[in-house]
Number of protein chains: 2
Amino acid sequence: MKISQFAKQAGVSVETVRYYHREGLLAVPENSGSYRQYTNVHINKIAFIQKAKLAGFTLDEIKQLERLDASRDKDEIRRISEDKMQLLETKIAELVMAQTFLSELVLACKKSDNEPCPILTELRDT
Amino acid sequence: MKISQFAKQAGVSVETVRYYHREGLLAVPENSGSYRQYTNVHINKIAFIQKAKLAGFTLDEIKQLERLDASRDKDEIRRISEDKMQLLETKIAELVMAQTFLSELVLACKKSDNEPCPILTELRDT
DNA sequence: GTTGACTACGTACCTAGGTACGTAGTTTAC
DNA sequence: GTAAACTACGTACCTAGGTACGTAGTCAAC
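Definitions and cut-offs
- Residues numbered from 1 in each chain as written.
- Chains lettered and ligands numbered in written order.
- Predicted model: local features only at pLDDT ≥ 70, side-chain atom pairs only at ≥ 80, totals over all residues.
- Heavy atoms only, no water.
- Contact = heavy atoms within 4.5 Å.
- Buried area = accessible area lost by both parts, 1.4 Å probe.
- Salt bridge = Lys/Arg side-chain N within 4 Å of Asp/Glu carboxyl O.
- Polar contact = N/O pair within 3.5 Å; in protein donor to acceptor, adjacent residues only side chain to side chain.
- Nonpolar A, V, L, I, M, F, W, Y, C, P; charged D, E, K, R; others polar.
- Helix = DSSP H or I, 4+ residues; strand = E, 2+ residues; numbered from the N terminus.
- Near = heavy atom within 4 Å.

A. The interface of chain A and chain B, seen in detail. Contact with chain A, which involves 44 residues of that partner, is made by 43 residues of chain B. In total, chain A and chain B occlude about 3,900 Å² of area from one another, counting both sides; carbon and sulfur atoms represent 71% of this. Note that Glu-82 of chain B is salt-bridged to Lys-110 of chain A, the shortest N-O span being 3.2 Å. Where chain A meets chain B, there are four residue pairs in polar contact (both at pLDDT 80 or more). For the side of chain A that touches chain B, a count of residues per class yields 22 nonpolar, seven polar and 15 charged.

This is how it looks when you write it as structure tokens:
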């Protein structure tokens, strides 16, 4: 299939497909005539990229995972995955703290009557 | 005090101070002689910005909060804060899903013996 | 045989929050 | 009185993951 049908099936934009080509994430398919012919191989590859993104990997890391897969370097794949989990852990903790902080402020704001909003005074003074 | 001492006390870089000036987040202090004189007012303002960042607000939103504070618009401040909490909620849920997914994969990888690493095969097939 | 849709390619632009650099003026130390 | 350090200002650059646009080629339909 040609690029626009492929992009539609893969659930990304044509520009994104080209971007992945440029970044070396997605092999450029052979031409059939003047245009590139995309196949299920490419669909699967895009699906893999999307899933790895959902798992928190960056595009660079996804490229790296592919290389390690090719070289069957299981230990390194696991190391990278564990690092990523640690990073997710940290980010989650940060966001939870922000959320807790903010929810306390909003609660205080609801309780306050005609005083100035505690959200800003707390941010200023705590 | 002059900008470099101020930046040090505020815990940001000189470039960041200037950036905040450019973005209209931090008022440019009066000159004393040829150079700007920073005071505790500016220190407090930077501290406020840092805390609001920790609470998950973007610099644009922090500017907006200041304006609403000046106009004493408590309802709008609370609305923005609740929106932000919702956004934090969503982001946290996404990260937790990524983390859960990844931890299952790493666990499967540890259990596997001489098979190919399940992390990549799962990403490919699930 | 020309219009419209599609493709390929290259380059610029976008957000967010800065960072870095070059130039020119000023102040401080010796 | 001059060299080092500091300041002000403007502009360019950075990451990440794309998006948008301009040009030129190609293909199918009418």
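B. Just the environment of Lys-84 of chain B, in detail. Relative to the helices and strands, Lys-84 of chain B resides in helix 5 (residues 74–111). Among the polar contacts listed, one links the side chain of Lys-84 of chain B to the backbone oxygen of Gly-56 of chain B, at a separation of 3.1 Å.

C. Focus on the protein's contact with DNA strand D. In the vicinity of DNA strand D, 18 residues are found, and the nearest of them are Thr-16, Tyr-19 and Ser-34 of chain A together with Ser-4 and Arg-36 of chain B. Near the protein, meaning within 4 Å, the atoms of DNA strand D are sugar or phosphate in a fraction of 70%, with bases accounting for the rest. One nitrogen or oxygen atom from the side chain of Tyr-19 of chain A is found 3.3 Å from a base nitrogen belonging to DNA strand D. Among the elements that make up the surface near DNA strand D, the one with the highest residue count is helix 2 (residues 14–22) of chain A (five residues). For the surface near DNA strand D, the class distribution of residues is six nonpolar, five polar and seven charged.

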